[in-house]
Amino acid sequence: MHKANMKSQQIQKILHIALPLPFYRLFDYIAIDNQELKPGIRIKVPFGKRELIGILLNTSSHSAIEPSKLKPVITIIDQQPILSSHILKLCKWSSNYYHYPIGEVIFNALPAYLRKGREFKVPSKHQAQDRSDTKIHQTHNTPIKLNQNQQTAINTINKSHNIFNTFLINGVTGSGKTEVYIQAIKQTLANDQQVLVLVPEIGLTPQLVERFSKRFIEPIATIHSALTDLQRFKAWQLFYNGDAKIMIGTRSAIFAECPKLGLIIIDEEHDISFKQQERFRYSAKDLAIVRAQMLKTPIVLGSATPSLETTHNVTLNKYVELKLPERAGASVHPEYKIIDICKQNLKFGLADSLINSIRKHINNKNQVILFLNRRGYAPVLMCHACGYIATCKNCSANLTLHSQPSHLHCHHCDTKKPVFQKCPECKSLDLQDVGVGTEQLELGLKHLFPHVDILRIDRDTTRKKNTLNNMLEDIKQGEPKILIGTQMLAKGHHFPNVTMVGIINIDHGFF
Ligand code: ADP
Ligand code: ZN
Ligand code: ZN
C-alpha cells in the first residue's frame, strides 16, 4: 500500500500555480493528462467552492501536500505562455523584494483583460517575426545635427548594445535629451530590437506621442491610466507580438511583455509617479533597472533635476552620467527674475511688478502662464481668535478651502467636509482663509483683467473627459490668455505663444 502510494506520487504531474490571493505560496494541483505544460500559461482551477484563474509557474512530481488531497485542474486556458520566463522572473524578484504575494504581483503584471480568462491566441514566433521584418529600417528622416555633448552621450549609449549599463542624461529642459533618446531608439530598432519608454503620469501627453510618431514610422504602443481594459490589452498585445517596436507608458508598462527588448528609457526619472503607492508598492525605476540587468540591455534615465538616489549612484560610479549642460537648437535661456514680496502690498497674492509684467505681455498679444501648485480657494482656514487651523482627522494635513462648490477638502485622503461657520474650538465667528489657491487666483485675475481670457487648468477644472484636450487646443489657437495651472500645466506641453511664466509663492516648494 505504501509502495503503491509512492509510485502514484511519482507519475502524477504536480502543477505549481500562482493564484491572485494574498498568500506568499504557490498552490499545487494535479495535471489532467500528461501533456507538456509551459510556465506562464493560464489554468483554471477549483479553489474551495470557487473557480480561479492561475498562472503556472513550474511543474514537478512532488508536492508538500498529501497527494490524495490535491485536486485536478479544470482547464488549461493557454497553449503558449502569455508571460515569458523573464517577466515571471521579474515578478518573482518583485515579490521577494517588496514582500508582496507572488500571485498578486503576477496578476498585476497581466492586463486586466486577460486576468478573467478571456481567450488570447498567442501568435507563433514565426508570424510576429515576419511582420516586424517588413517594417525595419524605414524610419523617418528629420536630420538634426547633434551637438558635441549629445553626440558624446549617444556614442556612449550605443557602445552598450546588449550590455547592461545605467546611464543618466543630466541636462536642463531643452538641452536635447529627447533628441538623444530618439537617436538611441533608432539605433536599437536598427538592431531589430524593441524599446520601452517610461514617462511620468502627466508626461504622457499627446504632444510627446506626436513627436515620437513624427520621427518613427514603426508602430508605437502607449499604455496609461486613461485607457479602457480593452485598449490597454490591445496596446499590450502589439508590444507582446513585436508589432509595436516602441512602447511609451506610465509605470505599469514596466511589466509589458515583448520578445526583443533592447533598451529602456525613463524620462523625468525623478518623478514620484514611477512609484506605485498603494497595495503592491513598487518603484518602476528600480524594476526597470532589474529588468535591464536580467536582459543585459542598457537603460537610460533622463532628468533636468535627477533624484538624490540617482545622483548618489552616479557618485558611486554605478551609473554613467552624461551631461547636456546647454540648451540645444535655437532656444535661448529664459531670463529669470525673483520678486521678493517682503513688505509688498499683494493683490490676490500677486506683487505689483508681476501684475505689470502680465499686462505688458498680454498687451503684446502673448500668453502668460501663472503656476501655482495649490488648487482650491485657500490652502488654510484659520480661526483669527484662537489660532485653530482646520485639519483632516485622518491624516492631520491642513484642509483646503474650496469655493466651487464650497467645502473643505483633504488633498491627501480625499475627505470632504462642509465649511464650518464657527470655530470648533472657541466658537468664534472670525474664521479667515490664509494663502491663495488657484480658484482665488482666478477670481483675482478676473477682477484685475476683466477683458482678458483666463483659463484655469487643474484637477478640479479638468475632471470631465476631454476638457483638458479642449483647453489645450484653445491655448494652441494662440489668442492672448492668462493660464493658471498647477503641475498639470508645468510639464510636457508646447505653447509657442507663451512669453512669460510667473511662479507664485515659490518658497512653498521648499517646505
Ligand atoms: P529636452 O528633452 O532636454 O527638453 P529636446 O530634445 O526636447 O530637449 O530639445 C529641445 C528642442 O531643441 C527641440 O525642439 C529639439 O528639436 C531641439 N534640438 C535638440 N537637439 C538639437 C540639435 N542638436 N540641433 C538643433 N535643435 C535641436
Ligand atoms: Zn477659535
Ligand atoms: Zn486627510
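Quantities reported herein were computed from a predicted structural model and do not represent experimental measurements.

Cut-offs used in this document
Counting of residues starts from 1 at the beginning of each chain's written sequence and follows it residue by residue. Written order decides the labels, with chains lettered from A and ligands numbered from 1. Local features in a predicted model are, by the rule used here, given only for residues with pLDDT of at least 70; side-chain atom pairs are given and counted only at 80 or more, and totals for whole chains, interfaces and linings are based on all residues. In computing side-chain properties, one takes all heavy atoms of the structure into account and sets aside hydrogens as well as water. Detection works on a 1 Å grid of protein atoms alone, calling trapped sets that fit a 1.4 Å probe cavities and calling open sets with protein on both sides within 12 Å along at least five of seven lines pockets, with lining residues defined by an atom within 4 Å of a point. Grid points are joined across faces, edges and corners, and a volume is the space filled by probe spheres set on the points. Helix and strand assignments come from DSSP, with helices taken as H or I runs of at least 4 residues and strands as E runs of at least 2, each series counted from the N terminus. Residue polarity follows a fixed list, in which Ala, Val, Leu, Ile, Met, Phe, Trp, Tyr, Cys and Pro are nonpolar, Asp, Glu, Lys and Arg are charged, and the others, Gly among them, are polar. By definition, two strands form a pair when at least two bridges between them are found by DSSP. Only C-alpha atoms enter the line fits that serve as axes; for helices the fit covers just the stretch in contact. Angles between N-to-C directions range over 0 to 180 degrees. Atoms are scored as donors when they are N, O or S and lie within 2.8 Å of the metal, with 3.2 Å used for Na, K and Ca; no water is included, so coordination may look incomplete. For a four-donor site, all angles between 85 and 135 degrees give tetrahedral; for four or six donors, opposite pairs above 155 degrees with the remaining angles between 65 and 115 give square planar or octahedral; all remaining cases count as irregular.

Undergrad: Would you mind going over empty space enclosed by the protein in detail, with residue names and values included?
TA: One pass over the structure, following the stated rule, counts 4 cavities of 30 Å³ or more. Taken as a whole, the largest cavity spans an internal volume of roughly 80 Å³. Residue lining of the largest cavity: Ile-157, Asn-158, His-161, Ala-184, Gln-187, Thr-188, Asn-191, Gln-193, Gly-262, Leu-263 and Pro-298, and that is the complete set. If you tally residues by element for the lining of the largest cavity, the top one is helix H7 (residues 177–190), at 3 residues. The residue makeup of the lining of the largest cavity, split by class, is 4 nonpolar, 7 polar and no charged.

Undergrad: How would you explain the sheet that holds strand E6 (residues 165–171) if you had to name every residue and give the values?
TA: Pairing is parallel in the open sheet, where 7 strands are placed in the order E8-E9-E7-E10-E13-E6-E14. In this open sheet, the two edge strands, each paired with only one partner strand, are strand E8 (220–223) and strand E14 (319–324). Taking each pair of neighbouring strands and ignoring which way they run, the sheet shows an average axis angle of 20°. Across 4 bridges, strand E7 (residues 194–198) lies against strand E9 (residues 246–249) in parallel orientation. By the bridge assignment, Leu-198 is partnered in E9 with Gly-249.

Undergrad: Can you lay out the coordination of the zinc ion (ligand 3) for me, pointing to particular residues and giving the numbers?
TA: The zinc ion (ligand 3) binds to the protein through Cys-392 (SG), Cys-395 (SG), Cys-410 (SG) and Cys-413 (SG), with metal-donor distances spanning 2.1 to 2.3 Å. Relative to the metal, the 4 donor atoms surrounding the zinc ion (ligand 3) lie at angles of 101 to 118°, and the coordination shape comes out tetrahedral. In primary-sequence terms, the residues that donate to the zinc ion (ligand 3) follow C-x2-C-x14-C-x2-C.

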